[in-house]
Structures are given as C-alpha cells and as structure tokens.
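Structural features, examined
Chain residues, written in single-letter form:
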Amino acid sequence: MDISITPHDLFGTVEAISSKSYAHRALICASLANGTTNITCPYISEDIQVTVDCLKALGTTIARTKQGFRVVPAKEANRPQNIQLNCKESGTTFRFILPLLGALNISATISAEGRLFSRPLEPLISELSSHGMSFTWLDEKFLEVSGQLDGGSFEMPGNISSQFISGLLLSLPLLNKPSTIQITGPIQSKDYLAITEHVMTDFDITTPFEVNSATYTIEAQHYVCPGVYSIEGDWSNAAPWLVAGAIGQGVEVTGLSMQSTQGDKAILAALSLVGARVSRQQKGAASMMDHLRPFSISISEVCDLAPVLAALAAFIPGTSKLTDIQRLRLKESNRVQSICTTLKAFGVTVELSEDQTELVITGGKQPTSCIVDSYNDHRIVMMSAILASYATGPVVITHAEAINKSYPLFFEHFKQLGGICHSMES
C-alpha cells in the first residue's frame, strides 16, 4: 500500500491507542494465571495479534471482545507438546516466547518475517541453552526449539535488549526452583523493565531487584488472575501527534496516563526542552507551537522516539542532534540509515557524526515534495507523514502498510486531525 499525502495542518484531538508494551505482557501473564482475565484493550496491532496467535498455539483460549480480550489459560494437561509458531516481525513476541516455551517444556518450530531473525538473539540463546534448552536453525527462516528450561543463575548484558531480561522475568516464576538474573554493564531501556515488573505485580508475581548487584531474584510463584485488566494509552504512538502539535496549531491526545512507567512519556520533556507549549492533564496531554529552538537529546532510552524527533528537528532553524544512536541500527529497519535517507528525500540536511554516534540535523526549511519509502518500519511511516503534512507539495509514502505493525488506525487518526491522504495501488 502506498499513501499519497497532500500538505495540510494537523490540529485537534485524538484518542491514544492501547499500549503495545503493556498489552504483550498482560496477555502473557493472563495466559499463565489461575482464572479468566478480561483485558480492556480496544485497539490492537499486528504485533499484538502475533502474541495472541502464539499464546493460542500454546493452548490458551483467547476471544476478541468489544472491550478487548477474554483470556482463559490452558490446563497443564491440555497444553500441546509440539507446535508451529510464526512470530512474523514482532521482536517482543519472539524474545518473550523463547524462554516461555522452555518453562512450559513445549517444542516448537518458529518462523519469522522481515529482519526479525537478523536482530540480536545473543546472549539469550546461549543462556537458555546452558539451562536445558536446545536450538536448531533449519535454515534462515525456521528455528527449532525444545527442552525443559531449568532455573538457576542467569547473566544478561543490559545494553543489548531489555526484552531478553523481560522474557526471563515472565517465565522463570513458572519453574520449580528459584533463579537469579544478574545484569552486567549499563542498563538501557530501564522503563521497559519497569513495565514488565508493573504488569507482573498486577498478577501477584514479585521479582525483587537488588540495585547494588543489579540482580533480580525470582522464586517459584503462581500468576493470580485479577479479573479485569485495563491497558493504558500508548505514549510511543501518541508522540507523532504531539510533535505535530508543536510544529503547528496544537494537538491534544487523550487517554494517556501521566503516572505511566512508559519511557516514551519523555516526549513531553523533549517538547518542553525545544520550547513548545506542553499541557499535562489528567485525561491526556497537548502540545502547541511556541518559539522552538534547536536541541540535543540522547535517544539511548527512547529509541522509538528518534524518527519523530528527527522530523521535529527538520522544522527548527539551526542545528539539532540526536545522540547515542547506536541501537537504532537494530530496529525494524536500520533507523540510522532510514532516518537519514528520509530526511534527505525531504530536502533536510542531515549528517552522521565522525564517531557514528550522533545524527546532526540542520532544520528550518520547509520539507520538499517527494517520494519516500517506509523501509518496512512503522516509525518511519509516522515520521514521513508528519514531514509530509507541512511539505511544499504532495508526498507519497511507499509500502506504508508497515504502519499496521503498531498502529493500524494511524491514517484514520491522521485524517481526524485534518490530514489529507489517500491510498494508492502499490
């Protein structure tokens, strides 16, 4: 699907969709609990559907309801022994499901799409292998997984993927003996670990963390059904609208929690830093243009904000920097490359620092009419749509169906805010 966008200001109010990060974790916890959980999650995406399909393959009964999902855990005797799973392009699903298969002692053949199997898997595979699991690559598209996961001492670096650690946290309480996870080096994406801890606590699982030794202790425990579980609004997917509000006439996003543990809530601090008028309200957040100024922001903890922050920088006169960009190369696309190529297509000057750790963006000129590709990356689609709304002429985003990974309603909400777009034959 290609999308053609005619420039037009974005302004007004839109409701945040359900948090993808919370939904993944809540669905897994509910599938392991001692009763039926009704999850309030009115908006879903391809990634969430992938997790649902994988959990169904594990024997969980999951029904779509008007409000979200009804999750009925499988009885242990009814769990299958050998299954086929397709994790498609969902890194979260894949990295969470690997230790879960071992904890449940279920063998599986896993397939994937896009760049998923080329994204980092070590040292997760090595640690699981040293604790009873076996992994066999049939070819580049299929991975065989088997073996009973054994508890004990696990060691994980903190600077590759927090999903490795979250996956272990979700699965290790199912084992018969206690385990520890020691995190080595600096811990990045701490907020995603906080989300995991938050959801697990809501299902009565505790995972004490010793700060001095950077170690989680996980005892054998049982997930307890909370009855009803509500998924809060998604800050990552609200960010493009809040950036659009700072560039233009103002946008309000409702359904966001100001007490959220989601790291991408940092978009509010970022917009305040550049001089936008930001309003924090009980029902959500709003932003509006003021005297915007260049910025330098580390994206090490907020990788998903990098594309929309790059779009924001394009509109601010002067030189702005996105620093600590190393992990951007490991996303759905190589985001260092895809951000640079997208900005250049819009006529925006962008350079990579000599040490390859910073994007230097010179903004202040109106983006030009162009054709840009999504690079099969939902965040690049969002970035391009914001730039296109204020371009000199029509813009075409090719392969824009990548947006369905996290935000199928994106272009519907885009139109709700005054955006002008229509789909074209690819």
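Values in this document were obtained by computation on a predicted structure and should not be read as measured data.

Moving on: the pattern of salt bridges. Summed over the entire model, instances satisfying the criterion amount to 11 salt bridges. The salt bridge involving R277 is made with D290; its shortest N-O contact spans 3.7 Å. Here D290 lies in the loop between strand 17 (284–288) and strand 18 (296–298) and R277 lies in strand 16 (residues 277–281), a separation of 13 residues in the sequence. In this structure, E332 engages K405 in a salt bridge whose closest nitrogen and oxygen atoms are separated by 3.6 Å. Highlighted residues: E332 in the loop between strand 19 (318–323) and helix 10 (335–345) and K405 in the loop between strand 23 (395–398) and helix 12 (410–416), separated in sequence by 73 residues. The residues E332 and K405 share a single accessibility class, namely buried. Among the charged side chains, a network of salt bridges with common partners joins K20, D47, D304, E332, R335, D377, R379 and K405.

What follows deals with the UniProt feature "binding site: 3-phosphoshikimate" (unreviewed entry) in the protein. Within the UniProt annotation, "binding site: 3-phosphoshikimate" (unreviewed entry) is assigned to K20, S21, R25, S161, S162, Q163, S189, D304 and K331. You can see Q163 is positioned in helix 5 (residues 162–171). With sequence-adjacent residues up to four places away left out, Q163 is seen in contact with G91, T92, R95 and F96. Looking at the secondary structure, you find D304 in the loop between strand 18 and helix 9 (306–314). We classify D304 as buried; its relative accessible area is 17%.

The rules behind these values
- Residues numbered from 1 in each chain as written.
- Predicted model: local features only at pLDDT ≥ 70, side-chain atom pairs only at ≥ 80, totals over all residues.
- Heavy atoms only, no water.
- Salt bridge = Lys/Arg side-chain N within 4 Å of Asp/Glu carboxyl O.
- Helix = DSSP H or I, 4+ residues; strand = E, 2+ residues; numbered from the N terminus.
- Buried < 20%, exposed > 50% of the residue type's maximum accessible area, 1.4 Å probe, protein only.
- UniProt positions renumbered as here; feature names shortened; annotations may be inferred.
- Contact = heavy atoms within 4.5 Å.

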